[in-house]
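One letter stands for each residue in the lines below.
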Amino acid sequence: MDAALDVTFYGVRGSTPCPCDENARYGGNTSCVVVDVPGGQPILLDLGTGLRFYGVDEPCAATPFRGTALVSHLHWDHIQGLPFFAPINCPGARLDVYGPSNGRTLEACFEEFMAPPYFPISHRDLAGEIAFHDVLDGSFTVGPARVTVAVVPHVGVTNGYRIDWNGVSVAYVSDHQEPVGAPTHVDPAVLDLCAGVDLLIHDAQFTPEEFAQRADWGHCTVDYAVEVAGQAGVGELVLFHHDPAHGDSTVDALLEGAQAAAEDRRIGRVSAAAEGCTISLAPTRSRT
């Protein structure tokens with residue numbers, strides 16, 4: 001059997017890290033997902049606090065770390081893990097960071113937040129190298145994988161990503177503004193990005209009651225995540241960007257509701273992202 005593409009969750013929360021007993025099962029770190037592409041270097045989806053734990057799994061070694069990060073946007077919960085990613089502070093290491101600019105280059109934004117007095121050192125002081133690349137719409141290759149980028153409705157410029165490899169596809173839409181008053185409308189660019197993917201990792205932060213109070217916060221309900229997945233016809237929807245106030249029992253209930261709502265939609269399966277969980281996707285030719 002051919003090697004599988006592995007998708008591992010290291011941070012699954014939105015807004016702020018929130019480790020506590022109530023959410024120990026799903027986890028309390030902010031957004032970071034690692035896609036291990038056979039025959040290529042790892043692709044990191046966002047650089048939240050979960051990145052530190054991935055770094056614990058990938059310490060300095062005889063072969064320096066090499067990888068690519070796809071950053072959705074520059075809100076704190078998606079970038080604050082970078083200063084604590086130990087493997088990049090090793091000679092010969094390199095991390096290529098792709099993401100949206102926001103009136104300034106991506107590099108200029110990182111230089112501002114990772115610098116005194118906000119942090120003791122600059123990214124330039126690390127032993128490894130970080131290279132920044134501004135991207136919005138379009139596509140490019142990362143080793144044997146192809147990455148497609150689309151702008152996603154949120155608060156501030158935000159990217160969604162799709163990774164295609166050997167007939168396998170993963171879409172990542174971590175933060176997505178649900179249209180107020182139009183719960184079945186999905187931006188065409190988002191639908192194109194997610195169409196027919198094997199795995200869709202999607203914002204699912206709010207209940208309907210919470211959304212009514214926070215409709216302009218740039219996120220969506222679990223029901224809207226199901227709506228996007230159903231219209232796109234995905235193999236598996238993974239509920240992601242859990243609200244920091246949602247303990248394990250709340251996420252369990254939201255997942256159960258989403259699974260029920262998906263029964264009559266074009267969705268193969270619904271799950272909820274949990275730290276430490278790995279989803280393996282076999283190449284198309286290995287499924288026959």
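Please read these numbers as outputs of a predicted model, since none were measured by experiment.

Rules of the game
- Residues numbered from 1 in each chain as written.
- Predicted model: local features only at pLDDT ≥ 70, side-chain atom pairs only at ≥ 80, totals over all residues.
- Heavy atoms only, no water.
- Helix = DSSP H or I, 4+ residues; strand = E, 2+ residues; numbered from the N terminus.
- Buried < 20%, exposed > 50% of the residue type's maximum accessible area, 1.4 Å probe, protein only.
- Contact = heavy atoms within 4.5 Å.
- Areas by Shrake-Rupley, 256 points an atom, 1.4 Å probe, with all protein chains shown as cover.
- Pairing = 2+ DSSP bridges.
- Axes fitted to C-alpha atoms, helices over the stretch in contact; angles between N-to-C directions.
- Arc of directions from axis to C-beta.
- Phe/Tyr/Trp six-rings, centres within 6.5 Å; stacked < 30°, edge-to-face > 60°.
- Core = buried A, V, L, I, M, F, W, Y, C linked by side-chain atoms within 4.5 Å.
- Patch = residues over 30% accessible without salt bridge, like charges linked within 9 Å, V, L, I, M, F, W, Y side chains within 5 Å.
- Salt bridge = Lys/Arg side-chain N within 4 Å of Asp/Glu carboxyl O.

**Student:** Can you walk me through the overall build of the protein chain in this structure?
**Tutor:** A count of helical and extended segments in the protein chain gives 6 helices and 14 strands. For the protein chain, the spread of C-alpha atoms along the principal axes amounts to about 50 × 50 × 40 Å. Each of the 288 residues in the protein chain was classed as buried or not, and the buried ones make up 55%. Of all intrachain contacts in the protein chain linking residues separated by at least 6 positions in sequence, the fraction that spans at least 24 positions is 70%. For the protein chain, the exposed area adds up to about 11800 Å²; of that, 51% sits on carbon and sulfur atoms.

**Student:** In this structure, what is going on with the sheet that holds strand 7 (residues 138-142)? I would like to understand it.
**Tutor:** Read across the open sheet, the 7 strands follow the order 7-8-9-10-11-12-13; overall the sheet is mixed. Either end of the sheet is taken by a strand with one partner, and the two such strands are strand 7 and strand 13 (269-272). For this sheet the average axis-to-axis angle between neighbouring strands, irrespective of direction, equals 20 degrees. Relative to strand 10 (residues 168-173), strand 9 (residues 159-165) runs antiparallel, the two being bridged by 5 bridges. Bridged to Trp165 within strand 10 is Val168. Against the sheet, helix 6 (residues 248-261) touches strand 12 (236-240) and strand 13, its axis set at about 170 degrees to strand 13.

**Student:** So what exactly am I meant to see when it comes to helix 2 (residues 106-113) here?
**Tutor:** Regarding helix 2, the residues found buried are Leu106, Cys109, Phe110 and Phe113. Projection of helix 2 onto a plane perpendicular to its axis shows the buried side chains occupying an angular sector of 95 degrees, all on one side. Contacts from the buried residues of helix 2 go to strand 5 (94-99) and strand 6 (129-134).

**Student:** What am I meant to see in the packing of aromatic side chains here?
**Tutor:** In this description, a pair of aromatic rings is defined by centroid distance and the angle of the planes. Overall, the coordinates contain 12 aromatic pairs when judged by the stated rule. Ring geometry for Phe65 versus Phe85: centroids 5.2 Å apart, planes at 85 degrees, classification edge-to-face. In this pair, Phe65 sits in the loop between helix 1 (50-57) and strand 4 (66-70) while Phe85 sits in the loop between strand 4 and strand 5, placing the two residues 20 residues apart along the sequence. Phe85 shares its class with Phe65; the two are buried. Measuring from centroid to centroid gives 6.3 Å for Phe206 and Trp217, while their planes differ by 65 degrees, and the two rings are edge-to-face. Of this pair, Phe206 sits in the loop between strand 11 (199-203) and helix 4 (208-213) while Trp217 sits in the loop between helix 4 and helix 5 (222-232), and the two are 11 residues apart along the sequence. Judged by relative accessible area, Phe206 falls into the buried class, the value being 0%.

**Student:** Looking at this structure, I do not really get the environment of Ala274. What am I missing?
**Tutor:** With respect to the helices and strands, Ala274 occurs in the loop between strand 13 and strand 14 (278-281). The contact partners of Ala274, leaving out residues within four places of it in the chain, are Phe9, Val12, Arg25 and Tyr26.

**Student:** Please clarify how the nonpolar core should be interpreted in this entry.
**Tutor:** The tendency in soluble globular proteins is for nonpolar side chains to be buried as a group. Ranked by size, the top nonpolar core spans 32 residues in total, and within it Cys194, Leu200, Val234, Leu237, Leu239, Ile267 and Val270 carry the most contacts. Within the residue set of this core, elements represented by two or more residues are strand 10, helix 3 (188-194), helix 5, strand 12, helix 6 and strand 13. Per element, the largest residue contribution to this core is 7 residues, and it comes from helix 5. Residues contacting Val234, with those up to four places away along its chain left out, are Cys194, Val197, Leu200, Ala229, Arg266, Ile267 and Gly268.

**Student:** Please clarify how a nonpolar patch on the surface should be interpreted in this entry.
**Tutor:** A contiguous nonpolar patch, built from Leu136, Val151 and Val157 and spanning about 180 Å² of accessible area, is present on the exposed surface. Positionally, Val157 belongs in the loop between strand 8 (145-151) and strand 9.

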